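Remarks on the overall topology
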Amino acid sequence: MPRLSADCRHMVSFTLNGAPVSGEAEPRMLLSDFLRYVVGATGTHVGCEHGLCGACTVEIDGQPGRACLTLAVQVRGAQIRTVEGLAPAPDRLSVLQECFREHHGLQCGFCTPGILVTLDALLRDNPAASEPEIREALAGHLCRCTGYVSIMRAALAAQQRLGKKTDA
Amino acid sequence: MKPARFDYVAAASAEEALEALAQEGGNARILAGGQSLLPMLNMRLARPTVLIDIMGVDEWRAVDRDGDVLRIGAAVRQVALEQDPDLARFQPLLAAALPWVGHPQTRSRGTVCGSIAHADPSAELPLVLVALGGTVHLRSRRRKRVLSAQNFFTGMMSTAREDDELIEAIALPKARTRTGYAFREVARRHGDFAIVACAAVVNGVRAQLAVGGVADRPALCELPAPGAAGLDEALDDFAWSLEARDDLHATARYRRELVRRLGRTTLEEAVRCRA
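Residues numbered from 1 in each chain as written. Chains lettered and ligands numbered in written order. Predicted model: local features only at pLDDT ≥ 70, side-chain atom pairs only at ≥ 80, totals over all residues. Heavy atoms only, no water.

Considering the domain arrangement of chain B
All names here are of chain B. Under the convention used in this document: What fixes the domain bounds is an automatic or database domain assignment. By definition in these notes, contact holds between two residues if any of their heavy atoms fall within 4.5 Å. Buried area counts how much accessible surface, traced with a 1.4 Å probe, disappears from two parts once they are put together, with both parts' losses summed. Basic side-chain nitrogens of Lys or Arg form a salt bridge, by our definition, when they fall within 4 Å of a carboxyl oxygen of Asp or Glu. Counting from the N terminus, the helices are the DSSP runs of H or I reaching at least four residues and the strands are the DSSP runs of E reaching at least two.
What the domain assignment reports for chain B is domain 1 (7-53), domain 2 (62-173) and domain 3 (180-272). For domain 2 versus domain 3, the separation of C-alpha centres amounts to 20 Å. With 24 residues of domain 2 at the contact, the number on the domain 3 side is 23 residues. In total, domain 2 and domain 3 occlude about 2,100 Å² of area from one another, counting both sides; carbon and sulfur atoms represent 67% of this. On the domain 2 side of the contact with domain 3, W100, S122 and L127 bury the most area, a combined 30% of that side's loss. Across the contact surface, domain 2 and domain 3 share zero salt bridges. Counting only elements with at least two residues in the side of domain 2 that touches domain 3, the list comes to α5 (92-97), α8 (124-132) and β8 (153-155).

This is how it looks when you write it as structure tokens:
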């Protein structure tokens, strides 16, 4: 059975925002560090590193998860989506991102990448998510600047705008 | 906040995982969803020399609903059960407790058996296991054995699992007729660890209450059913018996008061939910 030695780096490949990426990682390397230091995708932020703050949340095979509670070697072959994958084009924001800007859903922006990934997945998988359901999803994130009122406002605005889009 | 070094073994079968565990023993940790283990590694509260990843073991990915128990394999993620529309019918207590386990972003990866193995005294899933009188199915290369929940949890984050054993599955009795189930929890914020969590099972005059977050492991007590005489006194005795302690989150006195009040509310809800 394959055993990856602690003292060596091992090839890790997966799909990041639709494109293949690969790099070398020791078994102990966290996905959050792999994204930031090996791939150079620094959109994913690192806060508490034990799963509480939610800043590092990325989508792993279609579900939001903590990159700091996942080893890079665990996601070999997986589909990973990060905040860098949300905007439809380099010069355009997604509807959710646009609503965050309009409704002041961020100040310092540290927690924002994780929150956007969680809400993007929620509004895609459950477009009719109720306000309590949105709150429940947001409970997995800490924001120390805005409070959550403007974040909720942005989320609800995005939900409404995305709903209209699919009706049309 | 980075893990110390370890080797990583991705087991493709139960035999491979058990073989690796037999060789490494106490130096190894089983990695399933990693939502309890990775924080321990990141904070270096655990420093295993090898991790054995079992998520590639097909036979442990199954939820078996045949017979009168729900058997949940070691690689079943919490989200898989949470999204099962039939879960509330098969086991309403588990369905009620799951949304309280961590956050959606941790339930997406965390496993049911992993939380049981971690044995945090304020965690919801060990409490459900104890409340329902479930069993833990341990397996090593040498043998298989089945322990009752009460015999499995031996103290604060410690269990009767031996170094060469892993939890292959847990089994929970399915919902019984004329039995009510309820779950309640008090925490500072939703998703935080419980200050006190209560799980009640009421069948006729028989009422059982399990409490987490107070003692060093989930505690179970048989009590008079709501409406019968002596419930308040029995709840008070139970609350004192748990030897609550003060900590950052709550005083011992507050915890005892929660056991009395939340305990009663949870039992009453179980009576109302009785099918």
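That was the structure; now back to the text.
Comments concerning the pairing of strand β6 (residues 135-139) of chain B
All names here are of chain B. Here is the rule we go by: Think of it in three bands: with a 1.4 Å probe and only protein chains considered, a residue is buried below 20% of the maximum accessible area for its type, exposed above 50%, and partly exposed in between. In this description, strands pair whenever DSSP reports at least two bridges between them.
Counted residue by residue, β6 has four buried out of five residues, so it is predominantly covered. Bridging between β6 and strand β7 (residues 144-148) involves five bridges; their strand directions are antiparallel. Bridge pairing links T135 to S148 in β7. Taken together, β6 and the strand that follows it, β7, pair antiparallel across an intervening segment of four residues. As judged from the five bridges shared by β6 and strand β10 (residues 166-173), these two strands associate in the antiparallel manner. Pairing of L138 across the sheet is with I167, part of β10.

Overview of the pairing of strand β4 (residues 57-60) of chain A
Residues and elements named next belong to chain A. Residues T57 and E59 line one face of β4 and the alternating positions V58 and I60 line the opposite face, and both faces are buried. Linkage of β4 to strand β5 (residues 63-66), two consecutive antiparallel strands, is achieved through a turn of two residues, within which D61 is found at a positive phi near 50°. The pairing of β4 with strand β6 (residues 79-81) spans two bridges and is classified as antiparallel. In the strand pairing of β6, I60 is matched with I80.

Side note on a nonpolar patch on the surface
Note the cut-off: In this scheme, patches are assembled from residues that exceed 30% relative accessible area and form no salt bridge. Like charges are connected within 9 Å, while nonpolar side chains (Val, Leu, Ile, Met, Phe, Trp, Tyr) are connected within 5 Å. The method behind every accessible area is Shrake-Rupley, applied with a 1.4 Å probe, and residues are considered shielded solely by the protein chains displayed.
On the surface, M1, M43 and L45 of chain B cluster together into a nonpolar patch covering about 300 Å² of accessible area. Here L45 of chain B lies in the loop between α2 (37-42) and β3 (50-53).

A closer look at the packing of aromatic side chains
All names here are of chain B. As a reminder, the rule being used: Working definition: a ring pair exists when centres of Phe, Tyr or Trp rings (six-membered ring for Trp) sit within 6.5 Å. Plane angles under 30 degrees give stacked, over 60 give edge-to-face, the rest tilted. Ring-over charges, as used throughout, are those where CZ of Arg or NZ of Lys falls within 6 Å of the ring centre and within 35 degrees of the ring normal.
Overall, the coordinates contain three aromatic pairs over all chains when judged by the stated rule. A centroid spacing of 6.4 Å and a plane angle of 50° characterise the contact between W100 and F183, whose relative ring orientation is tilted. Separated by 83 residues along the polypeptide, W100 in the loop between α5 and α6 (104-107) and F183 in strand β11 (residues 179-186) bring together distant segments of the chain. Judged by its relative accessible area of 24%, W100 falls in the partly exposed class. Using a relative accessible area of 7% as the deciding quantity, one classes F183 as buried. Here the basic side chain of R89 rests over the ring of F90, its NZ or CZ set 5.2 Å away from the ring centre. We note R256 situated over the ring of W240; from NZ or CZ to the ring centre the distance is 3.8 Å.

Re unusual backbone geometry
All names here are of chain B. The phi dihedral of R44 falls on the positive side, at around 60°, and the residue is not glycine. With respect to the helices and strands, R44 occurs in the loop between α2 and β3. Taking the relative accessible area as the measure of exposure, R44 reaches 37% and is therefore partly exposed. Located in the positive-phi region is M157, a residue other than glycine, with phi close to 50°. One can find M157 in the loop between β8 and β9 (158-159).

Here we look at helix α3 (residues 112-125) of chain A
Residues and elements named next belong to chain A. To keep it simple, the criterion reads: Given the number of residues in a helix, its expected span is that number minus one, multiplied by 1.5 Å.
The terminal C-alpha atoms of α3 lie 20 Å apart, and with 14 residues this matches the ideal 20 Å at 1.5 Å per residue to within 8%. In terms of residue burial, α3 counts as a mostly covered element, since twelve of its 14 residues are buried. Within α3, the full set of buried residues consists of T112, P113, G114, I115, L116, V117, T118, L119, D120, A121, L122 and L123.

A look at the domain arrangement of chain A
All names here are of chain A. Per the domain assignment, the segments of chain A are domain 1 (10-85) and domain 2 (95-167). Between the C-alpha centres of domain 1 and domain 2 there is a distance of 21 Å. With 17 residues of domain 1 in contact, the opposing surface of domain 2 contributes 16 residues. The interface formed by domain 1 and domain 2 holds two salt bridges in total.

Section: the environment of Y8 of chain B
As a reminder of what qualifies: What qualifies as a polar contact is a pair of N or O atoms within 3.5 Å, subject to a donor-acceptor requirement within protein and to the restriction that residues adjacent in sequence count only when both atoms come from side chains.
Among the secondary structure elements, Y8 of chain B is positioned in strand β1 (residues 7-10). Along the chain, Y8 of chain B and D53 of chain B lie 45 residues apart, while their C-alpha atoms are 7.3 Å from each other. Non-local contacts of Y8 of chain B, meaning those with residues more than four positions away in its chain, are made with P2, R3, L4, P27, L71, V73, Q74 and R76 of chain A together with L31, L51 and D53 of chain B. At a separation of 2.5 Å, a polar atom in the side chain of Y8 of chain B contacts the side chain of D53 of chain B.

Observations regarding the environment of T154 of chain B
All names here are of chain B. Among the secondary structure elements, T154 is positioned in strand β8. C-alpha of T154 to C-alpha of A119: the two residues are 35 residues apart in sequence and 9.1 Å apart in space. Setting aside chain neighbours within four positions, we find T154 in contact with T159, A160 and R217.

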